[in-house]
Amino acid sequence: RQEFEASGGGKGGVQENPFLDSQVDRLEEVRKALKKITGISLDIDLCDVCDPPDREDASVRCVDCNQNLCDGCNKFHMKFNKTHKVLDISEASDLIISS
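Throughout this description, residue numbers start from 1 for each chain and increase along the sequence as written. Confidence filtering applies because this is a predicted model: local features only for residues at pLDDT of at least 70, side-chain atom pairs given and counted only at 80 or more, and all residues used for totals across whole chains, interfaces and linings. In computing side-chain properties, one takes all heavy atoms of the structure into account and sets aside hydrogens as well as water.

1. Considerations on the confidence of the model for the protein
Step number 1: Looking at any residue, its pLDDT shows the predictor's confidence there, from 0 to 100. On average, the protein scores 80 in pLDDT, and the residues at 70 or more come to 73%.
Step number 2: Starting at the N terminus, helices and strands are each numbered in turn, a helix being any DSSP run of H or I of at least four residues and a strand any DSSP run of E of at least two. When pLDDT is averaged over each helix and strand of the protein, the minimum, 65, is found for helix H3 (residues 89-98) and the maximum, 95, for helix H2 (residues 71-80).

Given below as structure tokens:
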């Protein structure tokens, strides 16, 4: 078995492959469309409120806002939305998968 370093110019640092690059781009378009239509982020583990590229890992999901929130954003969110129901991110993932 031989190890190698992936240092290509394609997506994810691997060798450039136009077909795979187009599929990755298409997948991202589909993910964005699903989020727009359903309000459900397929990036369940990232905060929907943090600005890219500094998005933090989500720790909870607000059921009322349909957003994943990191600890910092959740603290701010709950100051102004005390009646909103938030679930642990693993519980929210289970709900989305079972829906």
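2. Here we look at the sheet that holds strand S2 (residues 67-69)
Step number 1: For two strands to be treated as a pair, DSSP must find no fewer than two bridges joining them. Within the open sheet, the three strands sit side by side as S2-S1-S3. Their pairing is antiparallel. This sheet does not close on itself; its edge strands, each paired only once, are S2 and strand S3 (86-88). Going across the sheet, the axis of each strand differs from the next one's by a mean of 30 degrees, ignoring polarity.
Step number 2: Both strand S1 (residues 60-62) and S3 contribute to a ladder of three bridges, which runs antiparallel. Each axis is a line fitted through C-alpha atoms, and for a helix only the stretch in contact is used; angles between axes span 0 to 180 degrees, taken between their N-to-C directions.

3. Considering the side chain of Asn68
Step number 1: Tracing the backbone shows Asn68 in strand S2.
Step number 2: Here the side chain of Asn68 touches Arg61 through a polar contact of 2.7 Å, side chain to side chain. Polar contact is the term for a pair of N or O atoms within 3.5 Å; when the atoms are in protein, one must be able to donate a hydrogen and the other to accept it, and sequence-neighboring residues count only if both atoms are side-chain atoms.

4. A closer look at the nonpolar core
Buried together is how nonpolar side chains tend to be arranged in soluble globular proteins.
Step number 1: Only buried residues count toward a nonpolar core, which is a set of Ala, Val, Leu, Ile, Met, Phe, Trp, Tyr and Cys residues joined through side-chain atoms within 4.5 Å. Accessible area is worked out with a 1.4 Å probe on protein chains only. A residue is then buried under 20% of its type maximum, exposed over 50%, and partly exposed in between. Judged by nonpolar contacts, Cys47, Cys50, Val60, Cys62, Leu69, Cys70 and Cys73 together constitute the single largest core of seven residues.
Step number 2: By definition in these notes, contact holds between two residues if any of their heavy atoms fall within 4.5 Å. Aside from chain neighbours lying at most four places away, what touches Leu69 is Cys47, Val49, Ala58, Ser59, Val60, Cys62, Asn74 and His77.

5. Thoughts on the pattern of salt bridges
Step number 1: Salt-bridge detection follows one rule: a side-chain nitrogen of Lys or Arg within 4 Å of a carboxyl oxygen of Asp or Glu. Tallied over the full model, the rule gives two salt bridges.
Step number 2: For Glu29, the salt bridge identified is with Arg26, shortest N-O distance 3.2 Å. Placement of both Glu29 and Arg26 in helix H1 (residues 18-38) is noted, with a separation of three residues, approximately one turn of the helix.
Step number 3: Judged by its relative accessible area of 47%, Arg26 is partly exposed.
Step number 4: Notably, a salt bridge pairs Arg55 with Asp48, separated by 3.8 Å at the nearest N-O pair.

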